[in-house]
Amino acid sequence: MPKLEIARGLTVLREGTYLTDAGVSTSDGLEFVEVTVNVQDVYDGSRDDVNTGTAGSLTPGASSGRHGEITIRGELKGPGAAYSAALDDLPWYHLLLGCAVSGTVGGGSLTLAPVRPDLSGSFTLGYYTGDGYFKFEGCRGNMRFSGTAAERGFWEFTGFGVLAASYPIAVTLPTITYANQADIPPVFTSGSAVLGAWTPVIRSYEFDLGNATTPRLDGNATTGHAGFAITNRSPSWSFPGEVVGLATYDPFRTSLSGTTSNLAWTHGAATGQTFAFDLDKASVRSPEMADESGLLMWNISGRAHITTGNDEWSLVGS
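Note that the structure is a prediction, hence the values are computed from the model and not measured.

Colleague: In this structure, what is going on with the pattern of salt bridges? I would like to understand it.
Modeller: If the charged atoms of two oppositely charged side chains come close together, the side chains can form a pair. Applying the stated criterion across every chain, the model contains 10 salt bridges. Across the pair Glu34 and Arg73 runs a salt bridge whose closest N-O atoms are separated by 3.6 Å. Residue Glu34 is found in strand β2 (residues 34-43), and its partner Arg73 is found in strand β3 (residues 64-75); the two are separated by 39 residues along the sequence. For Arg66, the salt bridge goes to Asp41, with nearest N and O atoms at 2.7 Å. Here Arg66 is found in strand β3, whereas its partner Asp41 is found in strand β2, with 25 residues between them in sequence. For Arg66, a relative accessible area of 27% gives the class partly exposed. What emerges from the salt-bridge pattern is a single network uniting Arg144, Glu156 and Glu206.

Colleague: Hey, could you run me through the nonpolar core in this one?
Modeller: Within soluble globular proteins, side chains that are nonpolar tend to cluster in buried spots. Among the nonpolar cores identified, the biggest contains 54 residues, and Ile72, Trp92, Leu95, Met143, Phe145 and Trp237 are the most heavily contacted of them. Sort the elements by how many residues they give to this core and strand β7 (residues 132-148) lands first, with 5 residues. Once you skip the residues sitting within four places of it in the chain, Leu95 turns out to touch Val12, Leu30, Ile72, Phe123, Met143, Trp155 and Phe157. In terms of nonpolar packing, the next biggest core, distinct from the first, is built from 5 residues, Leu13, Val24, Tyr133 and Ile176 among them.

Colleague: Mind showing me how you'd approach the environment of His225 here?
Modeller: With respect to the helices and strands, His225 occurs in strand β13 (residues 225-233). Since its relative accessible area comes to 2%, His225 is described here as buried. Along the sequence, His225 and Gly309 sit 84 residues apart, while their C-alpha atoms lie 31 Å from each other. Here Gly227 takes part through its backbone nitrogen, which lies 3.0 Å from a polar atom of the side chain of His225.

Colleague: Would you mind going over the packing of aromatic side chains with me for this structure?
Modeller: One pair of aromatic rings is described through two measures. These are the centre distance and the angle between the planes. If you walk through the whole model with that rule in mind, you get 22 aromatic pairs. Pairing Phe145 with Phe277 gives two aromatic rings, centres 5.6 Å apart and planes at 70°, and the pair type is edge-to-face. In this pair, Phe145 sits in strand β7 while Phe277 sits in strand β16 (residues 275-282), placing the two residues 132 residues apart along the sequence. Accessibility classification places Phe145 together with Phe277 in one group, the buried group. Among the aromatic residues, those joined into a ring-pair cluster are Trp92, Phe145, Trp155, Phe188, Tyr205, Phe207, Trp265, Phe275, Phe277 and Trp313. A cation sits over an aromatic face here: Arg73 above Phe154, 4.0 Å from the ring centre. Positioned over the ring face of Tyr18 is Arg140, at 3.9 Å from the centre of the ring.

Colleague: Which parts of the structure should I look at to understand the pairing of β3?
Modeller: Remember that side chains alternate between the two faces of the sheet whenever the strand is regular. Of the pairings in the sheet, the one linking β2 to β3 comprises 9 bridges and is antiparallel in character. Pairing of Val39 across the sheet is with Gly68, part of β3. Pairing between β3 and strand β8 (residues 153-163): 9 bridges, direction antiparallel. Residue pairing across strands places Arg73 opposite Glu156, the latter belonging to β8.

Colleague: Sorry if this is basic, but what is going on with the environment of Val316 here?
Modeller: For Val316, the position within the fold is in strand β19 (residues 314-317). On the basis of relative accessible area, Val316 is assigned to the partly exposed category, the value being 24%. Sequence separation of Val316 and Gly258 is 58 residues, and the distance between their C-alpha atoms is 27 Å. Sequence-distant contacts of Val316, defined by excluding residues within four places in its chain, comprise Ser109, Leu110, Thr111, Thr274, Phe275 and Ala276.

Colleague: Help me out: how do you make sense of the side chain of Glu15 in this one?
Modeller: Secondary-structure assignment places Glu15 in the loop between β1 (9-14) and β2. Of the side chains with opposite charge, Arg140 comes closest to the buried, unpaired Glu15, at an N-O distance of 7.0 Å. Looking at Glu15, its side chain comes within polar contact range of the main-chain nitrogen of Gly138, at 2.8 Å. With near-sequence residues (within four places) excluded, Glu15 lies in contact with Thr20, Ala22, Ser122, Phe123, Thr124, Glu137 and Gly138.

Colleague: Looking at this model, I keep getting lost on the sheet that holds β19. Mind explaining?
Modeller: Pairing between the strands of a sheet is mediated by backbone hydrogen bonds and can be parallel or antiparallel. Here we have 6 strands laid out as an open sheet, ordered β4-β5-β19-β16-β15-β10, and antiparallel in their pairing. Two strands close off the open sheet at either side, each with one partner strand: β4 (101-106) and β10 (194-195). In this structure, strand β5 (residues 109-114) lies alongside β19, joined through 3 bridges in antiparallel fashion. In the sheet register, Leu110 faces β19, and the bridge partner there is Gly317.

Definitions and limits used
Residues numbered from 1 in each chain as written. Predicted model: local features only at pLDDT ≥ 70, side-chain atom pairs only at ≥ 80, totals over all residues. Heavy atoms only, no water. Salt bridge = Lys/Arg side-chain N within 4 Å of Asp/Glu carboxyl O. Helix = DSSP H or I, 4+ residues; strand = E, 2+ residues; numbered from the N terminus. Buried < 20%, exposed > 50% of the residue type's maximum accessible area, 1.4 Å probe, protein only. Core = buried A, V, L, I, M, F, W, Y, C linked by side-chain atoms within 4.5 Å. Contact = heavy atoms within 4.5 Å. Polar contact = N/O pair within 3.5 Å; in protein donor to acceptor, adjacent residues only side chain to side chain. Phe/Tyr/Trp six-rings, centres within 6.5 Å; stacked < 30°, edge-to-face > 60°. Lys NZ or Arg CZ within 6 Å of the ring centre and 35° of its normal. Pairing = 2+ DSSP bridges. Lys, Arg positive; Asp, Glu negative; His and termini not counted.

Here it is in structure tokens:
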């Protein structure tokens with residue numbers, strides 16, 4: 001029988017100790033829209049570079065440094081009620097912990113913000129196919145958020161994890177418990193988007209944490225792999241907005257001067273389904289001009305910058 005794409009599942013749980021199974025189980029389900037897992041080897045055992053006086057190549061050795069390149073995309077949605085415990089209320093918060101992000105709960109809200117890259121947490125990911133189970137430990141990477149007017153929003157994690165057993169395990173797809181499965185994700189309306197003093201007519205948005213992730217090879221490790229490290233970040237944003245008179249907002253002059261201003265918008269409005277993005281010091285690049293069915297648009301983008309360190313942005317779920 002062919003393997004059906006519908007027969008898949010994800011589980012995720014933050015790690016207390018890096019590169020150590022957090023005890024992820026079928027009660028730690030993560031809803032997703034798309035997932036891609038590519039298993040790779042740092043060294044594939046090849047000995048093709050050895051000359052033997054004849055054509056062909058010698059028998060390979062064992063592979064080592066096996067890990068997974070992971071992409072997960074899911075809906076931007078909350079618990080549908082006031083926040084009480086970050087890890088329980090927002091399943092994809094586990095992914096953010098592996099993106100050098102931390103969160104605090106207070107007053108029914110969850111406040112997310114970046115932390116210094118070397119202080120990043122990590123998570124264990126379980127990926128089930130119809131009859132196989134891949135477990136990745138020490139997962140770290142990057143997160144991107146996007147939304148389109150009057151539609152759902154999405155998050156997308158891209159990163160890496162070390163394949164725990166160096167190969168998948170044969171299992172039958174189990175029943176997985178997903179928190180907040182009955183809740184409906186909010187759409188991007190009443191967004192109150194502002195860039196400095198400009199309130200744009202905004203078609204969509206993208207916000208990228210901009211993490212740089214690198215492998216940590218280790219000759220002392222049995223697999224030759226010590227996991228992954230986040231080494232830096234450069235958050236970026238973009239949105240298409242309808243052009244206004246330059247007296248109202250002039251992105252060309254702003255981009256030339258290097259002036260920064262506050263950029264903020266909100267996705268959703270209901271309790272437990274509201275996400276407020278805030279970039280205190282947003283710089284602007286010279287915009288691209290575009291024609292959208294006769295409307296003149298600025299495809300505008302830029303970066304988010306620090307004030308005192310690790311404070312380029314915040315995301316409040318409420």
